[in-house]
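Remarks on the overall topology
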2 protein chains.
Amino acid sequence: MAPTVGGGSLLVAWQLKGKNILIVGGGEVASQRIDSLLTTDAHLVVVSPNVGLNPRTKQFIEEHPDRITYHDRSFSGVEELDAMDMVLTALDDVELSRNICIMSRNAHIPVNAADIPDSCDFYFGSQIRDGPLQIMISTNGNGPRMANLVKRKLQKALSGFEGQTITKVGALRTQLKIRAPGVGGELGKRRMKWMTNLCNAWKEEELALMDDTMMQKLLDDGWENDCVPSFSKVGGSRRLNISRCPAIAPTLGFFAGALCTLLVVLVRRR
Amino acid sequence: MAPTVGGGSLLVAWQLKGKNILIVGGGEVASQRIDSLLTTDAHLVVVSPNVGLNPRTKQFIEEHPDRITYHDRSFSGVEELDAMDMVLTALDDVELSRNICIMSRNAHIPVNAADIPDSCDFYFGSQIRDGPLQIMISTNGNGPRMANLVKRKLQKALSGFEGQTITKVGALRTQLKIRAPGVGGELGKRRMKWMTNLCNAWKEEELALMDDTMMQKLLDDGWENDCVPSFSKVGGSRRLNISRCPAIAPTLGFFAGALCTLLVVLVRRR
């Protein structure tokens with residue numbers, strides 16, 4: 001692992017609900033940008049002549065008329081930036097792209113220009129999403145290919161339960177805040193400690209399997225008595241997940257080996 | 001996996017080189033913010049009475065006098081925001097925190113208030129860093145505990161080679177751009193295709209082991225002839241990584257089983 005000081009970016013989860021985003025261009029990169037931005041609840045404005053739209057961009061525009069305003073023309077000038085909160089260019093015309101960056105920066109609007117890293121206020125990275133869970137992989141401008149390689153590795157490491165677990169833990173946290181309201185202070189610390197203890201004590205699958213009844217029981221018997229009841233104590237039950245047990249493969253191998261040798265010995269005895 | 005439309009954030013890698021960041025507060029959360037921001041090459045201004053500094057914040061201030069300007073006082077008013085590009089609050093005083101958010105928003109400065117998600121323009125997430133590789137895990141406000149759980153899983157899935165591999169691939173890409181310069185167009189596409197083919201054809205450890213001589217040979221023999229030479233062809237050599245081979249465990253099990261059975265049979269024969 002390399003040292004953490006300097007040379008990196010600040011990775012953040014930007015909240016764009018209700019914000020206006022301008023996308024100049026309609027090709028493949030634009031379609032990737034639209035895909036990322038549909039994740040948020042922003043309103044998108046796409047400016048590109050129809051001939052420049054790739055099939056995926058077209059599909060997004062058709063499927064989300066409430067989320068995307070489309071203008072069938074080229075970028076017309078600085079007035080396009082009025083009321084925009086973010087600007088993205090995805091153009092083959094590098095000169096125009098750089099000009100739009102300068103205009104945006106003058107107007108204090110964050111800007112990203114595809115393929116011109118030195119003109120960008122921020123970079124996109126490879127992303128993984130599972131419900132409320134979002135993971136971003138950034139190589140700090142060292143190429144999307146490597147980001148995708150790392151992405152595939154990380155995808156394999158995820159069980160697929162994570163999104164559901166986070167949703168359930170979030171729901172419990174919301175209910176706990178209703179029962180014991182307030183921001184910060186001693187109560188805030190006690191809430192955080194109790195949630196942490198629960199997440200440490202229960203397995204991920206157990207957290208994912210929480211239902212409303214169990215949450216109520218957890219709060220009544222657990223939070224009120226300052227303890228963390230077990231999964232089964234609040235009425236949970238689950239099946240054994242064989243694929244998760246690392247001892248299975250060598251054990252199966254052991255018995256296969258024993259059986260084969262036994263057969264060989266028996267055959268040779270005859 | 002949940003659907004990708006709506007309810008999420010835009011995950012971005014923010015470029016803060018040379019920017020001014022105001023951090024109001026000096027406790028534990030402030031120290032985490034400083035740690036994240038030292039990753040970037042931003043200049044930090046920390047405003048907090050000395051009694052409110054936690055040991056880690058103090059250490060950062062002492063160790064990085066060139067990166068952090070420290071003011072031993074409380075937040076004094078809106079003039080503190082002059083020339084700031086980003087504002088972070090890490091205060092127990094929720095009222096003051098909310099006020100700073102309003103002032104920042106009025107001045108079009110992105111703001112994050114610790115523990116008050118509805119006042120934030122962006123969230124921080126759990127992060128992993130290995131040189132140029134940065135990974136962020138965000139639960140979209142559903143709790144840092146779950147983000148840490150996912151982080152530990154992802155850390156286990158990484159080989160530790162990723163940072164070095166990305167650095168080497170980035171260096172090769174830079175050399176390729178010197179040899180075949182220009183932004184976009186047919187040449188840009190050919191460059192991208194060749195880099196992709198290389199990353200697909202070579203193993204991660206092989207890419208991490210590239211040295212200058214090998215890079216030159218790759219460009220001379222590979223790029224110039226529009227092909228991707230193998231790792232050994234450009235002079236690379238590497239050791240077999242046994243721990244990466246998933247067949248090892250059951251195979252060892254098989255032989256252990258065979259040996260045990262053989263011993264039992266032999267003992268019973270006597």
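Higher on the page you've got the structure.
In this report, the structure presented in the accompanying data block is examined. (Residues numbered from 1 in each chain as written. Chains lettered and ligands numbered in written order. Predicted model: local features only at pLDDT ≥ 70, side-chain atom pairs only at ≥ 80, totals over all residues. Heavy atoms only, no water.)

Some remarks on a negative patch on the surface
Residues and elements named next belong to chain A. Going by this rule: Grouping into patches uses exposed residues only, defined as over 30% relative accessible area, and leaves out salt-bridged ones; the cut-off is 9 Å for like charges and 5 Å for nonpolar side chains (Val, Leu, Ile, Met, Phe, Trp, Tyr). Each accessible area is a Shrake-Rupley result for a 1.4 Å probe, and residues are judged covered by the shown protein chains and nothing else. The term salt bridge refers to a side-chain nitrogen of Lys or Arg lying within 4 Å of a carboxyl oxygen of Asp or Glu. In this charge count, Lys and Arg are treated as positive and Asp and Glu as negative; neither His nor the chain ends contribute. To locate a charge, the coordinates of NZ of Lys, CZ of Arg, CG of Asp or CD of Glu are taken. Going along the chain from the N terminus, every DSSP run of H or I of four or more residues is numbered as a helix, and every run of E of two or more is numbered as a strand. In this scheme, a residue with accessible area under 20% of its type's maximum is buried, one over 50% is exposed, and one in between is partly exposed, where area comes from a 1.4 Å probe on protein chains only.
A surface patch of negative charge is lined by Asp 92, Asp 93, Glu 95 and Asp 115. Note on placement: Asp 92 falls in the loop between β5 (86–89) and α3 (94–106). With relative accessibility at 77%, the residue Asp 92 sits in the exposed group.

Re the nonpolar core
We apply this condition: As used here, the term nonpolar core means buried Ala, Val, Leu, Ile, Met, Phe, Trp, Tyr and Cys residues forming a set that is joined through side-chain atoms within 4.5 Å. Here, residues are in contact when the closest pair of their heavy atoms is within 4.5 Å.
Residues Ile135(A) and Ile135(B) are the most contacted members of the largest nonpolar core, which totals 58 residues. Not counting residues within four places of it along the chain, the set of residues in contact with Ile135(A) comprises Ser126(A), Gln127(A), Ile128(A), Leu154(A), Leu158(A), Leu11(B), Ile135(B), Met136(B), Ile137(B), Val150(B) and Leu154(B).

Concerning the interface of chain B and chain A
For clarity, the threshold we go by: Defined here as a combined quantity, buried area equals the accessible surface (1.4 Å probe) lost by two parts on assembly, summed across both. Contacts described as polar in this section are N or O atom pairs within 3.5 Å, which, within protein, must combine one atom able to donate a hydrogen with one able to accept it, while residues neighboring in sequence count only if both atoms come from side chains. Each residue is assigned to one class: nonpolar for Ala, Val, Leu, Ile, Met, Phe, Trp, Tyr, Cys and Pro, charged for Asp, Glu, Lys and Arg, and polar for all the others, Gly among them.
Listed by partner, the interface residues are 85 residues for chain B and 85 residues for chain A. For the pair chain B and chain A, the two sides together bury roughly 7800 Å², of which 62% comes from carbon and sulfur. Viewed at the interface, chain A and chain B are joined by four salt bridges. Inspection of the chain B/chain A interface yields 28 residue pairs in polar contact (both at pLDDT 80 or more). The dominant element in the side of chain B that touches chain A, judged by the number of residues it contributes, is helix α9 (residues 248–269) of chain B, at 12 residues. Here the residues of the side of chain B that touches chain A sort into 44 nonpolar, 27 polar and 14 charged.

What about the relation of the copies chain B and chain A?
So the rule is basically this: Least squares is the method for superposing the copies, and the C-alpha atoms it fits come from residues with pLDDT of at least 70 in both.
Superposition of chain B onto chain A requires a rotation of 179° combined with a translation of 0.2 Å along the rotation axis, giving an RMSD of 0.5 Å. The superposition operator between the copies reduces to a two-fold rotation axis. Mapped onto chain A, 100% of the interface residues of chain B are again interface residues, and the two copies thus contact each other with one and the same surface.

Overview of the environment of Gln15(A)
Checked against the element boundaries, Gln15(A) lands in the loop between β1 (10–14) and β2 (20–24). With residues up to four places along the chain from it excluded, the contact list for Gln15(A) reads Ser9(B), Cys120(B), Asp121(B), Phe122(B) and Tyr123(B). A polar atom in the side chain of Gln15(A) sits 2.9 Å from the side chain of Ser9(B).

A look at the pairing of β5(A)
Residue and element names in this part refer to chain A. Here is the rule: Strands were regarded as paired on the criterion that DSSP finds at least two bridges between them.
The alternating pattern of β5 places Met 86 and Leu 88 and Val 87 and Thr 89 on opposite faces, both of which are buried. Sheet topology note: the β2/β5 ladder contains four bridges and is parallel. Bridged to Ile 21 within β5 is Met 86. Bridge count between β5 and strand β6 (residues 111–113): three bridges; the pairing is parallel. Opposite Thr 89, over in β6, you have Ala 113 as the bridge partner.

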